[in-house]
Amino acid sequence: MSRSHTYRCLNCLDATVTRTFDTSHLSRTCLDCGSFERFANEAVIERFESLEASPPPEFDWDRLERREKLLVAERLARTDKTLADFDVAVDEEAAEGRTTPEPGDA
């Protein structure tokens, strides 16, 4: 008997689908919100929500865009990477000084 994996719509965060394969995400039309969207592996969403609830002190988490946060959460949830494996680069040309994670080989 194969194990099933749940994926959640990144647009509405309500719709879920279950599949028998394990991948970081899949793309499909969401039956709840109607958008063609990525459905992220539930483990990634759980890690993302955990980081949102308790941002890591060594990371300027709030300055990251949602897409960047999801990338970090995906690497942490699905690989053996840790926050120490990410470099946070400052874009000196940006007027607001927003930081961007550089996964390097993460």
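To be clear, the structure that these remarks concern was listed above.
Notes on the structure in this doc start here. (Residues numbered from 1 in each chain as written. Predicted model: local features only at pLDDT ≥ 70, side-chain atom pairs only at ≥ 80, totals over all residues. Heavy atoms only, no water.)

**Observations concerning the layout of surface pockets**
Formally: For cavity detection a 1 Å grid was placed over the protein atoms alone, and a set of points counts as a cavity when a 1.4 Å probe fits there but cannot get out; an open set counts as a pocket when protein lies on both sides within 12 Å along at least five of seven lines, with lining residues being those that have an atom within 4 Å of a point. Grid points are joined across faces, edges and corners, and a volume is the space filled by probe spheres set on the points. For the purposes of this entry, the term helix denotes a DSSP run of H or I that reaches at least four residues, the term strand denotes a run of E that reaches at least two, and both are numbered from the N terminus. Note on residue categories: nonpolar means Ala, Val, Leu, Ile, Met, Phe, Trp, Tyr, Cys or Pro, charged means Asp, Glu, Lys or Arg, and polar means any other residue, Gly included.
Considering only enclosed or pocket space, the largest pocket measures out at about 290 Å³ in volume. What lines the largest pocket is Leu10, Ser24, His25, Arg38, Ala40, Val44, Arg66, Arg67, Leu70, Leu71, Glu74 and Arg75. Listing elements by their share of the lining of the largest pocket, those giving two or more residues are strand S4 (36-41) and helix H2 (66-78). Ranked by the residues each element gives to the lining of the largest pocket, the list is headed by H2, at six residues. Partitioning the lining of the largest pocket into residue classes produces five nonpolar, two polar and five charged.

**Let's talk about the sheet that holds strand S3 (residues 25-29)**
As a reminder, the rule being used: Between any two strands, at least two bridges found by DSSP are needed for them to pair. As a rule, the C-alpha atoms of each element are fitted with a line to give its axis, helices using only the stretch in contact, and angles between N-to-C directions run from 0 to 180 degrees. Contacts: residue pairs with any heavy atoms within 4.5 Å of one another.
Taken in spatial order, the four strands line up as S2-S1-S4-S3 in an open sheet, and their pairing is antiparallel. Edge positions in the sheet fall to strand S2 (16-19) and S3, since each has one partner strand and no second. Going from strand to strand, the sheet's axes swing by 35 degrees on average, the running direction of each strand aside. Both strand S1 (residues 5-9) and S4 contribute to a ladder of three bridges, which runs antiparallel. Among the inter-strand pairings, cysteine 9 is bridged to a residue of S4, identified as phenylalanine 39. Contacts from helix H1 (residues 42-53) reach S1 and S4 within the one sheet, and its direction differs from that of S4 by about 80 degrees.

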